[in-house]
Structures are given as C-alpha cells and as structure tokens.
Amino acid sequence: MADVHEEPSEWEELGRLLKEGGMLSSDWAPAFAAVPRSAFLPDLMWPFDMDAGGSVAVDKRRDPDVWQGYAESDAPIVTQWDDGEHSGTEPGGVSTSSASMPSVVFSMLRDLDVRAGSRVLEIGTGTGWNAALLGHRLGPENVTTVEVDKAVAASARAALERFGLPVRVVHGDGFDGYREEAPYDRIIATCGLRSIPFRWVAQSRPGGIIVAPWGTHYSNADAVARLTVADDGKSASGAFTGPVEFMKLRAQRLPAVDHAAYVKGSVADGDESSTTITERQFVGGRFRPQEFTLGLCVRDCVHVVSTKDDGARPVWFYGLTDRSWACVQFRDGDHTRVWQSGPRRLWGEVESAYQWWDEQGRPGFDRFGLVVDGDGERAWLDSPDSPVPVRTH
C-alpha cells in the first residue's frame, strides 16, 4: 500500500517558515503547535491585507475559509477599534486591540528566555493568545496578565478558560504592574511604551528580564528593549533587539496633532533657512534606525511626513512642551527650504541629531540600549556608560 502524505496545514507551514527564519525557537515549537492563534480570535476581525494596503473585515460566519486563512497567517489582526466604541464591519478610526503577527510574538517570547518555573507578568492581554502560549509552556498558575479594557479582559479570560489554560487575567492599568503576585522572573509588554515604569523593575527579581516595545513620541515606531534587572534591584538595562510597531499603552497615547494650534498663518511666517540633507537621506520606509535615533535625541517632538505632491514633500515637526514648529520642504531638483518658529529650533535639533548619527557610523538598533532606574530612563549607544545625547530645548 502506498504511503499517503498529507499536505501540512497553513499553521504548520507558518511554523516551518518561522523556524527557518529564526523567530520560532525549538523550545517554543510545542506551544506553537498546541495553541493555535485561531482559538483566540473573534468571529469578526480586521486582518491587515498586503494587497489592499490596510485592514479588511473578515467574518467567520460568512467566510470561514478566508477567516481561517488569515488566522493562520503572519498578518497582524485588529480585534477592536476606538476603545470599543466602534460598531459595524468597516474599520474604525484607531485600532485599540489586536492579535500581533506570530513572527513578532515568538521573537519576543524568544527574547524573554523563560525557564521552567518562571513566573511571568504580561502587560496587555489582548486576545489572550500570548498568555495562553506562556501558560502552556510554564503552567497557567505561573502567568498573570493585565488588561486595561474591561471588555477585552473578559473576552480573553473566557477564551483562556475555554482552551483549558486559565491564567490569571486582571482588569487594570498595566503601567502599575501587578504587585499582588510579585516578584516576577519575567515581564513582557505587548503594547508600545513611551516610558517604562520603574515599578516593573521593582516588581522583578534580581536577574529578571523585562521585554517591552519602546520608543519616543517622534514617531509610531518602537524597538524591543530587553532589560536585565541588576543584582541590587535598583535598575534594569539592556540592548534593543529589533524594530517593531505596537499599539501604544493607552495612558501614553498622544492625540492627533492640531496643526492650526501651531501654525496660525502661513509657513512663511517662520524663520527661513535651508539644509543640505536630502529627501532620499531623510525620508524612507518603516523601521529605519535613523528615525529611531532622531527620536532618541530629539525628545518631546512629533514629526509628520506628508504625501508627496507635484514633486514637493513637506515634513513637519511639532514641539510637545510648547508651540514650536518647523517645516522642511523637500522639492525635486531644487534646494531644500526650512521654516521654524517658536522657542525651540526643532529642525536645528533634528539636523544636529542626524549629523551625530552619521558620525557614529550610522548605528543600527542593536547598538542602542536603555537603562531604567528610579531617576527615569536613559538611552545609550554601545554601553550604558555612553548615553545618547539628548538635544536641549
């Protein structure tokens, strides 16, 4: 009788690709196989579709095969819009809860480096899938997850119980950690941070590891910080492992910039100058270390890259501590004009930061790191003794 070879499922094929790419380590492979993402997704969801260039609505009740295909893909999937105020099938205004790409999930779990018996605190429960993976690996009694949205927390708790992995789901603000179950061996955040609270360090054991997406208000981009808690428990420090982009911790989200509150009249009302930095040097795709570096150096600043129109592309900078602004106008075949207004010379700060990054050999994410202690947090280049220069206001 001839052997019958079954084709691998899409989930199995994704696992193979993640292993080949180094995202899914061998110690996490059993959890990947035993805990499918599909078990934690709602019937109506909004996966990111590459061809459409955005989120699309998929309803399991109407298109079960399409739904399953997205569930078993390496696509991020939005599961809530507008803090739960959204209704209907069309995408909402702001995505506020999601299931992350499996490649990102397992890369961060690899960074977490859990061991048998590790006690883990997760910040941001979402669908509950990440907590389920941890619960399968470590035992549900060793996992606590905190979710700020009451409805999301309830849905995740129910999904975890249905799956047989009843980890502790706490409705609360993850920025505070969860002191009742401390100390933890590991803390992992599944939301973007603009400040990592020292209380996470205080709730960790010496030698514990904190893994969290971190960035600045300069852009939506994050990088995964992998911090080790010092033996005295007074600080945590470590390098960034790579770029990501997560929904931000709700308490640290910024509202959209009100351009009219900054620029009262014409851009020409600002002080005019020029720059030798070109559009090709400054504007590019996502996840560039240059953009991340500028955010490290130029704090309390948001930048917005406008759509190119008729050969011209303006890039705007808005101060968050006052109404300082700057506009850089890149134009094909012409010199680049700059206008600035307010107490801060924002483009001057950005240009200086760009030059510093260039002088350091254009370092990538892996050369940067972060220290968190009782005085706050400080980014560093190559070692904690070499802080990144923050431009003064």
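Here the residue numbers are simple positions, counted from 1 along each chain's written sequence. Where totals are concerned, whole chains, interfaces and linings use all residues; where local detail is concerned, this predicted model gives features only for residues with pLDDT of at least 70, and gives and counts side-chain atom pairs only at 80 or more. The basis for every side-chain value is the complete set of heavy atoms in the structure, and neither hydrogens nor water enter the calculation.

## Quick word on the overall build of the protein chain
- Helix and strand definitions here come from DSSP, where helices need a minimum of 4 consecutive H or I residues and strands a minimum of 2 consecutive E residues; each element is numbered from the N-terminal end. For the protein chain, the count of helices and strands is 11 helices and 19 strands.
- When we talk radius of gyration, it's over C-alpha atoms, and the globule rule is simply 2.2 Å times the number of residues to the 0.38. What you see for the protein chain is a C-alpha radius of gyration of 23 Å, in line with the 21 Å of a compact globule of 393 residues.
- On the principal axes, the C-alpha backbone points of the protein chain span a range of 75 × 55 × 45 Å.
- The classification of residues rests on relative accessible area computed with a 1.4 Å probe and restricted to protein chains. Under 20% of the type maximum is buried, over 50% is exposed, and intermediate values are partly exposed. Per-residue burial for the protein chain yields a buried fraction of 50% across its 393 residues.
- Throughout, a residue-residue contact means that at least one pair of heavy atoms, one from each residue, lies within 4.5 Å. When contacts within the protein chain are restricted to residue pairs at least 6 apart in sequence, those whose partners lie at least 24 apart make up 59%.
- Using the Shrake-Rupley algorithm and a 1.4 Å probe, accessible areas are obtained, with residue cover drawn only from the displayed protein chains. Within the structure as shown, the protein chain displays about 18,300 Å² of accessible surface, and the carbon and sulfur contribution to it stands at 48%.
- A positive count includes Lys and Arg, and a negative count includes Asp and Glu. His and the chain ends are not counted in either. We put the charge of a Lys on NZ, of an Arg on CZ, of an Asp on CG and of a Glu on CD. Computed over 40 positive and 58 negative side-chain charges, the inter-centroid distance for the protein chain is 4 Å.

## Overview of helix H5 (residues 129–138)
- Counting buried residues in H5 gives 8 out of 10 residues, a clear majority hidden from the surface.
- Along H5, the residues that are buried comprise Trp129, Asn130, Ala131, Ala132, Leu133, Leu134, Gly135 and Leu138.
- With its phi angle positive at about 100°, glycine 139 sits one or two positions after the end of H5.

## Here's the deal with the side chain of serine 118
- Relative to the elements of secondary structure, serine 118 occurs in the loop between helix H4 (102–112) and strand E6 (120–123).
- Polar contact is the term for a pair of N or O atoms within 3.5 Å; when the atoms are in protein, one must be able to donate a hydrogen and the other to accept it, and sequence-neighboring residues count only if both atoms are side-chain atoms. Of the polar contacts made by the side chain of serine 118, one reaches the backbone oxygen of arginine 115; its length is 2.9 Å.
- Those residues in contact with serine 118, other than ones at most four positions away along the chain, are Leu138, Asn142 and Asp185.

## Some words on the packing of H4 against H5
- At their nearest, the axes of H4 and H5 sit 11 Å apart, and the two run at 45° to each other. Taken as axis vectors, H4 and H5 run oblique relative to one another. The handedness of the crossing between H4 and H5 is right-handed. For the pair formed by H4 and H5, the contact residues are Pro102, Val105, Phe106, Leu109 and Leu112 on the first element and Trp129, Asn130, Leu133 and Leu134 on the second.
- Residue composition of the contact of H4 with H5, grouped by class: 8 nonpolar, 1 polar and no charged. To define axes, lines are fitted to C-alpha atoms, for helices over the stretch in contact only, and angles between the resulting N-to-C directions are given on a 0 to 180 degree scale. With respect to orientation, any angle under 35 degrees is reported as roughly parallel, any angle over 145 as roughly antiparallel, any angle of 65 to 115 as roughly perpendicular, and every other angle as oblique. By the definition used in this description, the sense in which the near helix is turned from the far one sets the handedness, with an anticlockwise turn below a right angle giving left-handed and a clockwise turn giving right-handed. Asp, Glu, Lys and Arg are counted as charged, while Ala, Val, Leu, Ile, Met, Phe, Trp, Tyr, Cys and Pro are counted as nonpolar; the rest, among them Gly, fall into the polar class.

## A word on the sheet that holds strand E13 (residues 271–275)
- Strand pairing is assigned whenever DSSP detects at least two bridges linking the two strands. With respect to topology, 5 strands assemble into an open sheet ordered E13-E17-E16-E15-E14, the strand pairing being antiparallel. With partners counted over all chains shown, the strands left at the sheet margins are E13 and strand E14 (301–305), one partner each. The average undirected angle you get between the axes of adjacent strands in this sheet is 20°.
- Across 5 bridges, the pairing between E14 and strand E15 (residues 312–319) is antiparallel. Counted as the bridge partner of valine 302 is tyrosine 318 from E15.
- With respect to the sheet, helix H11 (residues 346–359) is in contact with E13, E14, E15, strand E16 (325–331) and strand E17 (336–341), its orientation differing from that of E15 by roughly 105°.

## Considering the pairing of strand E18 (residues 368–373)
- Among the 6 residues that make up E18, 6 are buried, leaving the element largely enclosed by the rest of the structure.
- With 5 bridges connecting them, strand E12 (residues 235–244) and E18 associate as antiparallel partners. Bridged to serine 235 within E18 is aspartate 373.
- As paired strands, E18 and strand E19 (residues 376–381) are joined by 6 bridges and run antiparallel to one another. Looking at E19, one finds that valine 372 is bridged to glutamate 377.
- The hairpin turn running from E18 into E19, its antiparallel successor, is 2 residues long.

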